[in-house]
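Remarks on the overall topology
Listed below are the residues making up each chain.
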Amino acid sequence: MNRSAIRENAFKLIYSLEIQNTDNIKEQIDLFFESNEIKDEEAKKYIDNVVFGIENNKEEILKNIEQNLKEEWKLNRISKMDLAILKLAIYEIKYNDIPYKVAINEAVELAKKYGEDKSKNFVNGILASVVKDM
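What you are looking at is a predicted structure, and each value in this text was computed from that prediction instead of being measured.

1. Remarks on the overall build of the protein chain
Counting its regular elements, the protein chain contains seven helices and zero strands. Relative to the globule expectation of 14 Å for 134 residues, the C-alpha radius of gyration of the protein chain, 14 Å, shows essentially globular dimensions. Taking the principal axes of its C-alpha atoms as reference, the protein chain extends roughly 40 × 30 × 25 Å. For the protein chain, buried positions account for 43% of its 134 residues.

2. Focus: the environment of Val51
With respect to the element layout, Val51 can be found in helix H3 (residues 41–56). We classify Val51 as buried; its relative accessible area is 4%. In the structure, Val51 is positioned 25 residues away from Lys26 in sequence and 9.3 Å away in space, judged by C-alpha atoms. The contact partners of Val51, leaving out residues within four places of it in the chain, are Leu13, Ile14, Leu17, Ile25 and Ile29.

3. Examining the pattern of salt bridges
Side-chain pairing between opposite charges can occur once the charged atoms of the two side chains come close. The full count for this structure, using the stated rule, is 10 salt bridges. Of the charged contacts, one joins Lys113 and Glu8 as a salt bridge, the two residues approaching to 2.9 Å between their closest N and O atoms. Within this pair, whereas Lys113 is found in helix H6 (residues 100–114), its partner Glu8 is found in helix H1 (residues 3–20), the two being separated by 105 residues in sequence. Residue Glu8 is classed as buried on the basis of its relative accessible area of 17%. Here Lys58 makes a salt bridge to Glu55, at a shortest N to O gap of 3.6 Å. Note on Glu55: relative accessible area 35%, which makes it partly exposed. Bridged by salt links that share partners, the residues Arg7, Glu92 and Glu106 form one connected network.

What counts as what
- Residues numbered from 1 in each chain as written.
- Predicted model: local features only at pLDDT ≥ 70, side-chain atom pairs only at ≥ 80, totals over all residues.
- Heavy atoms only, no water.
- Helix = DSSP H or I, 4+ residues; strand = E, 2+ residues; numbered from the N terminus.
- Rg over C-alpha atoms; globule rule 2.2 N^0.38 Å.
- Buried < 20%, exposed > 50% of the residue type's maximum accessible area, 1.4 Å probe, protein only.
- Contact = heavy atoms within 4.5 Å.
- Salt bridge = Lys/Arg side-chain N within 4 Å of Asp/Glu carboxyl O.

Given below as structure tokens:
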């Protein structure tokens, strides 16, 4: 499984956790691996790292998103799909030493594939602002 496919699976899990709003993250990760037949140890390690990393840094990641929204926007107005993409990309950029150009490009590709028509521009704009603030 290549890095983009692993990242896409991580996004799918982050999105499902966003909808479920569960406390037992480890159980959800294990169920996700089982139901998606993910056996690749590198993929499992990466997904575990990203999901728990986002959870452990949730407040700062959400603050990064919120600070870069237009004034009239609030976090609860962002679609769960876009929020999951933004969380993943910001985590990769700030905590996982992924080059920001790679993280933004991958996030925009996920937004094109799973988001609404305006998602790619929205995601790109928020992430560009986050990087600029760094």
